[in-house]
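# Structure assessment
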Amino acid sequence: MSESGLTPQEEGALRRVRLLADLMDDAVTVPGTDRRIGLDALVGLAPVSGDLVTAVISMYTVGEAVRVGAEPNVIGKMLLNILLDFGIGSIPVLGDIFDAIFKSNVRNAELLEEHLTSR
């Protein structure tokens, strides 16, 4: 165990999940604003197929959570975030705005971190 109280496996999983969340939800700043978006919002511009691709990529976070033994309620919340992101994100125009605001990957990284550090 490290100073954070996490095992090396848990620390690695959390680091990878955070990296994915940054890439998918916060990779670039929208010019002229302080708003950040990632590949989820950009790839999601392709109706339905873009959102399907990003949902599949987002499932990696769920896999990491399962691997480190996250509780079923945490996994369920993560899956719900991905489902909402896919479902609403698939709606033309509204979905693109939702993708830029909702940030399901950041939410899921926070869920995993909270789960791991609150034990």
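Presented here is an overview of the structure given in this document. Keep in mind it's a predicted model, so treat the numbers as computed, not measured. Residues take numbers from 1 onward in each chain, read along the sequence in its written order. Where totals are concerned, whole chains, interfaces and linings use all residues; where local detail is concerned, this predicted model gives features only for residues with pLDDT of at least 70, and gives and counts side-chain atom pairs only at 80 or more. Here the side-chain values reflect all heavy atoms present in the structure, with hydrogen atoms and water set aside.

## Considering the overall build of the chain
Think of it this way: any DSSP run of H or I at least four residues long counts as a helix, any run of E at least two long counts as a strand, and we number them from the N terminus. Within the chain, the regular secondary structure consists of 6 helices and 2 strands. Each helix and strand of the chain, placed in order from N terminus to C terminus, yields the pattern α-β-β-α-α-α-α-α. Think of it in three bands: residues with accessible area under 20% of the maximum for their type are buried, residues over 50% are exposed, and the middle band is partly exposed, with areas taken using a 1.4 Å probe on protein chains only. Evaluated residue by residue, the chain yields a buried proportion of 41% over its 119 residues. Note on areas: these come from Shrake-Rupley sampling with a 1.4 Å probe, and a residue is covered only by the protein chains present in the view. A total of about 6,500 Å² of accessible surface is found on the chain, and carbon and sulfur atoms cover 67% of it. Of note, the chain has its 10 positive side-chain charges centred 3 Å away from the centre of its 17 negative side-chain charges. Charged-residue counts in this description rest on Lys and Arg as positive and Asp and Glu as negative, His and the chain ends being excluded. Every charge is mapped to an atom, namely NZ of Lys, CZ of Arg, CG of Asp or CD of Glu.

## Brief notes about the packing of aromatic side chains
For this analysis, a ring pair means two rings from Phe, Tyr or Trp (six-membered ring only for Trp) whose centres lie within 6.5 Å, classed as stacked if their planes differ by under 30 degrees, edge-to-face if by over 60, and tilted for the remaining angles. Within this structure, the stated rule accounts for 1 aromatic pair. When the centroid spacing of 4.8 Å and the interplanar angle of 15° are considered together, the rings of Phe-98 and Phe-102 count as stacked. A residue pair is termed a helical-turn pair when its members lie 3 or 4 positions apart in one helix, as Phe-98 and Phe-102 do in helix 5 (residues 94-102) at 4 residues. Summarising the burial analysis for this pair, Phe-98 and Phe-102 share the class buried.

## Quick look at a nonpolar patch on the surface
Think of a patch as exposed residues, more than 30% relative accessible area, with no salt bridge, where like charges cluster within 9 Å and nonpolar side chains (Val, Leu, Ile, Met, Phe, Trp, Tyr) cluster within 5 Å. Should a side-chain nitrogen of Lys or Arg be within 4 Å of a carboxyl oxygen of Asp or Glu, the pair is scored as a salt bridge. Residues Leu-23, Val-28, Leu-39, Leu-42, Val-43, Leu-45, Val-53 and Ile-57 make up a contiguous nonpolar surface patch of roughly 610 Å² in combined accessible area. At the level of elements, helix 2 (39-43) and helix 3 (49-67) are the ones that each hand at least two residues to the nonpolar patch. Looking at the nonpolar patch, the element that brings in the most residues is helix 2, giving 3 residues. Its location among the elements puts Leu-23 in helix 1 (residues 8-25). Note on Leu-23: relative accessible area 43%, which makes it partly exposed.

## Here we look at the side chain of Ser-104
For Ser-104, the position within the fold is in helix 6 (residues 104-117). Classification of Ser-104 as buried rests on a relative accessible area of 0%. Contact between two residues is taken to exist if any of their heavy atoms lie within 4.5 Å; hydrogens are not considered. The residues touching Ser-104, leaving out its near neighbours within four places in the chain, are Asp-25, Asp-40, Asn-81 and Asp-85.

## Describing helix 3
Each residue after the first adds 1.5 Å to the expected span of a helix. In this model, helix 3 (19 residues) spans 28 Å end to end at C-alpha, consistent with the 27 Å of a helix rising 1.5 Å per residue. On the buried face of helix 3, the contacting elements are helix 1, helix 2, helix 4 (72-89), helix 5 and helix 6. Looking one or two places after helix 3, you find Gly-69, whose phi comes out positive at around 85°.

## Here's the deal with the nonpolar core
One finds Ala-65, Ala-70, Ile-75, Met-78, Leu-112 and Leu-116 to be the most contacted residues of the largest nonpolar core, which totals 19 residues. Of all elements in the fold, only helix 1, helix 3, helix 4 and helix 6 reach the threshold of two or more residues within this core. When residues of this core are assigned to their parent elements, the largest contribution, 5 residues, is made by helix 6. Here Ala-70 is in contact with Ala-65, Ile-75, Leu-112 and His-115, once residues within four sequence places are set aside. To qualify as a nonpolar core, a set must consist of buried Ala, Val, Leu, Ile, Met, Phe, Trp, Tyr and Cys residues joined through side-chain atoms within 4.5 Å.

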